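# Overview (structure and organization)
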Amino acid sequence: MTTTEIAGSGERRLTARQAQLLDQLTEVFLAEGFAGFTLEDLAVRLHCSKTTLYALADSKEQLAVRVVRHFFRRATAAVEARTAGETDPARRVTAYLEAVAVELTPASRAFHRDLEAFPPGRAVYEHNTAAAAERVTAMIAEGVAAGRFREVHPGLVADTVTTLMSRIGRGDTARATGLDDATAYRELAALLLHGISR
């Protein structure tokens, strides 16, 4: 997740009601997934008309993509806000990964399952995972430049972080280890810092 998030690019300004609906849709999708809903189901659930939903997107598939983008844009802002005050490189990496864990916690297995089966949504997720790994890699590079971390191969660090973050997001890590996502991210931070600290 980075501040140059693709999710918000080119979107027209929302009305207050549309912004509220996007937030409500995000909560529903995170908790229950999205594949099983029709637009009519969602209109009934949110007490609005299908026409109101069509003002957000032209189809259910486009609405799903928009909601997924909205979720990651919102999460990105929250993660960056939680990390901004940290100046110590080690604490900053830890704070970043723990903030990512907090933001991903509401995402249910149903949401991840539907995301995995929906290529446009999966592409948004994969983009954000890669961007988050780049962000962590940049933080590590800053720590190396400041003399706090030893020299490491940036490509290997990025690949390691991307791989594990993807596994955590898909639920693979939880199934393999029994760790919840927040704990898995804390362990990832500890592994990274132990491996790169001087």
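Basis of the calculations
- Residues numbered from 1 in each chain as written.
- Predicted model: local features only at pLDDT ≥ 70, side-chain atom pairs only at ≥ 80, totals over all residues.
- Heavy atoms only, no water.
- Core = buried A, V, L, I, M, F, W, Y, C linked by side-chain atoms within 4.5 Å.
- Buried < 20%, exposed > 50% of the residue type's maximum accessible area, 1.4 Å probe, protein only.
- Helix = DSSP H or I, 4+ residues; strand = E, 2+ residues; numbered from the N terminus.
- Contact = heavy atoms within 4.5 Å.
- Phe/Tyr/Trp six-rings, centres within 6.5 Å; stacked < 30°, edge-to-face > 60°.
- Axes fitted to C-alpha atoms, helices over the stretch in contact; angles between N-to-C directions.
- Parallel < 35°, antiparallel > 145°, perpendicular 65-115°, else oblique.
- Nonpolar A, V, L, I, M, F, W, Y, C, P; charged D, E, K, R; others polar.

## So, the nonpolar core
In this structure, Leu 25, Phe 29, Leu 97, Phe 111, Ile 140, Tyr 185 and Leu 192 are the most contacted members of the largest nonpolar core, which totals 56 residues. Every element with two or more residues in this core is listed here: α1 (16-32), α2 (39-46), α4 (60-83), α5 (89-104), α6 (109-116), α7 (119-145), α8 (154-170) and α10 (181-196). Dropping the residues within four chain positions of it, Ile 140 is found in contact with Val 93, Phe 149, Val 152, Val 157, Leu 192 and Ile 196.

## A look at the environment of Ala 78
Residue position: Ala 78 is located in helix α4. Along the backbone, Ala 78 and Val 100 are 22 residues apart, and their C-alpha atoms lie at a distance of 8.7 Å.

## A word on the packing of aromatic side chains
For the structure shown, the criterion picks out seven aromatic pairs. One aromatic cluster in this structure is built from Phe 29, Phe 34, Phe 37, Phe 71, Phe 72, Phe 111, Phe 118 and Tyr 125.

## Concerning the environment of Phe 149
With respect to the helices, strands and loops of the structure, Phe 149 is situated in the loop between α7 and α8. Phe 149 gets classed as buried once you look at its relative accessible area, which sits at 1%. In this structure the C-alpha to C-alpha distance between Phe 149 and Glu 86, which are 63 residues apart in sequence, comes to 16 Å.

## Some thoughts on the packing of α5 against α7
In the contact formed by α5 and α7, the axes pass within 9 Å of each other and the chain directions differ by 170 degrees. The orientation of α5 relative to α7 falls into the category roughly antiparallel. Facing α5, whose interface residues are Pro 89, Arg 92, Val 93, Tyr 96 and Leu 97, α7 presents Ala 132, Arg 135, Val 136, Met 139, Ile 140, Glu 142 and Gly 143. The class makeup of the residues in the contact of α5 with α7 is eight nonpolar, one polar and three charged.

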